[in-house]
Amino acid sequence: MSTRADWPDLLAELDRWALAGRRIAFWLRDDDAVAPSVQLDRLAALAERFGAPVLLATIPLLAEEALARRLESAPLLFSCQHGIRHDNHAPAPQKKAEVGSHRPTTVVLADIAQGWQRLRELFGARALPIFVPPWNRIDPGIAAALPEIGLAGLSCFRKFSLGAPGGPVLVNSDLDLIDWHGGRVGRSAEDLLAEMLALLVQRRTQTEGGAQFGLLLHHRDHDATTWAFLENLLVRIGGHAAIDFVRPPALFALPVDLEHAS
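Quick look at the structure, then. (Residues numbered from 1 in each chain as written. Predicted model: local features only at pLDDT ≥ 70, side-chain atom pairs only at ≥ 80, totals over all residues. Heavy atoms only, no water.)

What the protein contains, in helices and strands, is 9 helices and 11 strands. In summary, the protein has a C-alpha radius of gyration of 18 Å against a globular reference of 18 Å for 262 residues, a match within 12%. Over its C-alpha atoms, taken along the principal directions, the protein stretches across nearly 50 × 40 × 40 Å. Looking at the 262 residues of the protein, the share that counts as buried comes to 50%. (Helix = DSSP H or I, 4+ residues; strand = E, 2+ residues; numbered from the N terminus. Rg over C-alpha atoms; globule rule 2.2 N^0.38 Å. Buried < 20%, exposed > 50% of the residue type's maximum accessible area, 1.4 Å probe, protein only.)

This next bit is on helix α6 (residues 189-206). Across its 18 residues, α6 extends 25 Å between first and last C-alpha, which sits within 8% of the 26 Å expected from 1.5 Å per residue. Listing the buried residues of α6 in full gives L192, L193, A194, E195, M196, L197, L199, L200 and R203. Contacts from the buried residues of α6 go to α1 (7-19), β1 (24-33), β7 (175-176), β10 (211-217) and α7 (224-237). (Expected span 1.5 Å × (residues − 1). Contact = heavy atoms within 4.5 Å.)

A word on a negative patch on the surface. On the surface, a cluster of negative charge is made up of D6, D9, D179, E190 and D191. Structurally, D9 is set in helix α1. The exposure class assigned to D9 is partly exposed, which follows from its relative accessible area of 35%. (Patch = residues over 30% accessible without salt bridge, like charges linked within 9 Å, V, L, I, M, F, W, Y side chains within 5 Å. Areas by Shrake-Rupley, 256 points an atom, 1.4 Å probe, with all protein chains shown as cover. Salt bridge = Lys/Arg side-chain N within 4 Å of Asp/Glu carboxyl O. Lys, Arg positive; Asp, Glu negative; His and termini not counted. Charge placed at Lys NZ, Arg CZ, Asp CG, Glu CD.)

As a further point, take the packing of α1 against α6. One can describe the packing of α1 onto α6 by two numbers: an axis separation of 10 Å at closest approach and a directional angle of 15°. In terms of their interaxial angle, α1 and α6 are classed as roughly parallel. Relative to α6, α1 is oriented so that their crossing is left-handed. Only L193, M196, L197, L200, V201, R203 and R204 of α6 make contact with α1, whose side of the interface consists of W7, D9, L10, E13, L14, R16 and W17. (Axes fitted to C-alpha atoms, helices over the stretch in contact; angles between N-to-C directions. Parallel < 35°, antiparallel > 145°, perpendicular 65-115°, else oblique. Left-handed = near helix turned anticlockwise from the far one by under 90°.)

Now for the pairing of strand β3 (residues 77-82). Every other side chain in a regular strand lies on the same face of the sheet, so the side chains alternate between the two faces. By the criterion of burial, β3 is predominantly enclosed, with 6 of the 6 residues buried. Bridge count for strand β2 (residues 54-58) against β3 is 5 bridges, and the pairing is parallel. Bridge pairing in β3 places V54 opposite L77. Handedness of the crossover is the feature at issue here: the chain leaves β2, passes through helix α3 (residues 65-71), returns alongside β3, and the resulting connection is right-handed. When β3 meets strand β4 (residues 128-132), the two strands line up parallel, connected through 3 bridges. Looking at β4, one finds that C80 is bridged to L128. Viewed along the sheet, the connection from β3 through helix α4 (residues 105-123) into β4 turns out right-handed. (Pairing = 2+ DSSP bridges. Right-handed = clockwise from strand over helix to strand, strands pointing away.)

Take the packing of aromatic side chains next. All told, the structure shown has 4 aromatic pairs when counted by the stated rule. A centroid spacing of 5.4 Å and a plane angle of 25° characterise the contact between W7 and F229, whose relative ring orientation is stacked. Here F229 lies in helix α7 and W7 lies in helix α1, a separation of 222 residues in the sequence. We classify W7 as buried; its relative accessible area is 7%. (Phe/Tyr/Trp six-rings, centres within 6.5 Å; stacked < 30°, edge-to-face > 60°.)

What follows is the structure, given as structure tokens:
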């Protein structure tokens, strides 16, 4: 995915989708929410401006009551559960994980259930029963058991698979706007566009019908480069015949009453 691309290349690809009568369910996921902030206000403003709903992955045992009050006036930000405390339980040098196989499954599920209870106390019916694991890592056995504690959906990063059927509805994000290993800075527009274009071409040529595509955001870590790309992307694709900005309840096939809880 290193081939360079620019905005006209992306729009030309979207035109191909539209000419074929196919549409992309485009969605936004933003991780690590805990409190109101200027950055959160900026995200909410972009969501309102473009009619682009955001799945706001909220760390339940760190979240402040002020966040719940702030989201009362942000109808396009949908809170869901982001781990428990965003603690790492993996020993070095393993990759970080909060809900991996490093602790007994029963203990991890009890912690997740505690977090889900806290999220419902904060947000009531607006809390979506969707789980987003920190660092996009979760033990498959834990993932499969999420519906048993009331969590019907799961979102990780592309290529994550549940394996056996019967678990939560899985909708992965596809494009991370931040270079975490290169200084936690916004990735260049050229790199992001090349990656996005390659994924869309692959899905158009290898599948039939529509598709889903999710941006992975972290409003607390966005720099000027990240904000600029996000706004520029929404300006250019908003209203395109191939793009549908989709609400998280519909994306995860949640009950109709949750769709209208906001």
